[in-house]
Amino acid sequence: MLRTSDGVRIDAGHFPGPSGDLGIVLAHGFTGSWRAPATRRIAAVLARYAGVLAIDFRGHGRSSGLSTVGDLEVLDLDAAVRHARTAYRRVVTVGFSMGAAVALRHAALHGGVDAVVAVSGPARWYYRGTKPMRQVHWAIEHPAGRLAARLARRTRIAVGRWDPMPLAPYEVAPMIAPVPLLLVHGDADTFFPLEHAHQLYEAAGDPKELWIEPGYGHAESAATPDLIRRIGQWTSRTKP
């Protein structure tokens, strides 16, 4: 159990890696959890390349607090990165969907990481161009949706709009350099179309890479072991 700078308790799990040199902080998507089978499978594959510290964001699973859907979650990730630094010389964040947005914002605004991997991430806020994202906004904005998220997914969501509005992922992307950045997006993503990946890539500075994955859908549930292995190999090649 970790504690953030604003006093939120964050549930976390550690998957030991092959050495004490490289640590990965794994950040799940909205309504996800490090205890979910898909996330645990990802952590197990990544643990072949590095130690993995996987967290539940605030308002998710056994963590306290309320989800702000990508805003204050940067404090959750920062607590995990600082904890990983006590055991690992190099620390890389790997985020999926909402976790990808948080990883980008954390690297830009807080730093302290040696590389960032953002998978299936949004470039901008309030996107409603797909049916799944309209359903997500219903869950966030309506009392019935928030109740459904709490009962079905153990996700407690804060009421109200952001004030002030946090910088969007594409706005912070230029601030990440010179930290290496890997963007991964599927051409079959039903939540965020490829324009989001291209907007992030165009905004980011070097060094950066963009992997467009044929047939890959969205986030953790669609990630294949081969894709996660390649991400693990990429993280192991990063240098401070």
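Residues numbered from 1 in each chain as written. Predicted model: local features only at pLDDT ≥ 70, side-chain atom pairs only at ≥ 80, totals over all residues. Heavy atoms only, no water.

Moving on: the pattern of salt bridges. Per the counting criterion, the structure on display carries 12 salt bridges. For Asp6, the salt bridge identified is with Arg58, shortest N-O distance 2.9 Å. Separated by 52 residues along the polypeptide, Asp6 in the loop between strand 1 (2-3) and strand 2 (9-10) and Arg58 in the loop between strand 5 (51-55) and helix 2 (73-85) bring together distant segments of the chain. Given a relative accessible area of 3%, Arg58 falls into the buried group. Residue Arg90 is joined to Asp21 by a salt bridge in which the shortest nitrogen-to-oxygen separation is 2.8 Å. Taken together, the residues span a long stretch of sequence, with Arg90 in strand 6 (residues 90-96) and Asp21 in the loop between strand 3 (12-15) and strand 4 (22-27) at a distance of 69 residues. (Salt bridge = Lys/Arg side-chain N within 4 Å of Asp/Glu carboxyl O. Helix = DSSP H or I, 4+ residues; strand = E, 2+ residues; numbered from the N terminus. Buried < 20%, exposed > 50% of the residue type's maximum accessible area, 1.4 Å probe, protein only.)

A few words now on the side chain of Arg146. As for its position among the elements, Arg146 is in helix 5 (residues 143-153). Here Arg146 sits buried without a salt bridge, and the closest side chain of opposite charge, Glu141, lies 7.9 Å off (N-O distance). In terms of polar contacts, Arg146 uses its side chain to reach the backbone carbonyl oxygen of Ile140, at 3.0 Å. Residue contacts for Arg146: discarding those within four places in its chain leaves Ala139, Ile140, Glu141, Thr155, Ile157, Ala158 and Val159. (Lys, Arg positive; Asp, Glu negative; His and termini not counted. Polar contact = N/O pair within 3.5 Å; in protein donor to acceptor, adjacent residues only side chain to side chain. Contact = heavy atoms within 4.5 Å.)

A few words on the pairing of strand 6. The buried count for strand 6 comes to 7 of 7 residues, which makes it a mostly enclosed element. Both faces of strand 6 are covered, namely the face carrying Arg90, Val92, Val94 and Phe96 and the face carrying Val91, Thr93 and Gly95. The pairing of strand 4 with strand 6 spans 6 bridges and is parallel. Bridge pairing links Leu26 to Val94 in strand 6. For strand 6 and strand 7 (residues 115-119), the ladder comprises 5 bridges, and the chain directions are parallel. Each bridged residue has a counterpart across the sheet, and for Val92 the counterpart in strand 7 is Ala115. Once the chain exits strand 6 it traverses helix 3 (residues 98-109) before rejoining the sheet at strand 7, and the crossover so formed is right-handed. (Pairing = 2+ DSSP bridges. Right-handed = clockwise from strand over helix to strand, strands pointing away.)

Turning next to the packing of aromatic side chains. Counted according to the given criterion, the structure contains 4 aromatic pairs. Aromatic rings pair up to connect Trp125, Tyr126 and Trp162 into one cluster. Over the aromatic face of Tyr201 sits the side chain of Lys208, whose NZ or CZ is 4.3 Å from the ring centroid. (Phe/Tyr/Trp six-rings, centres within 6.5 Å; stacked < 30°, edge-to-face > 60°. Lys NZ or Arg CZ within 6 Å of the ring centre and 35° of its normal.)

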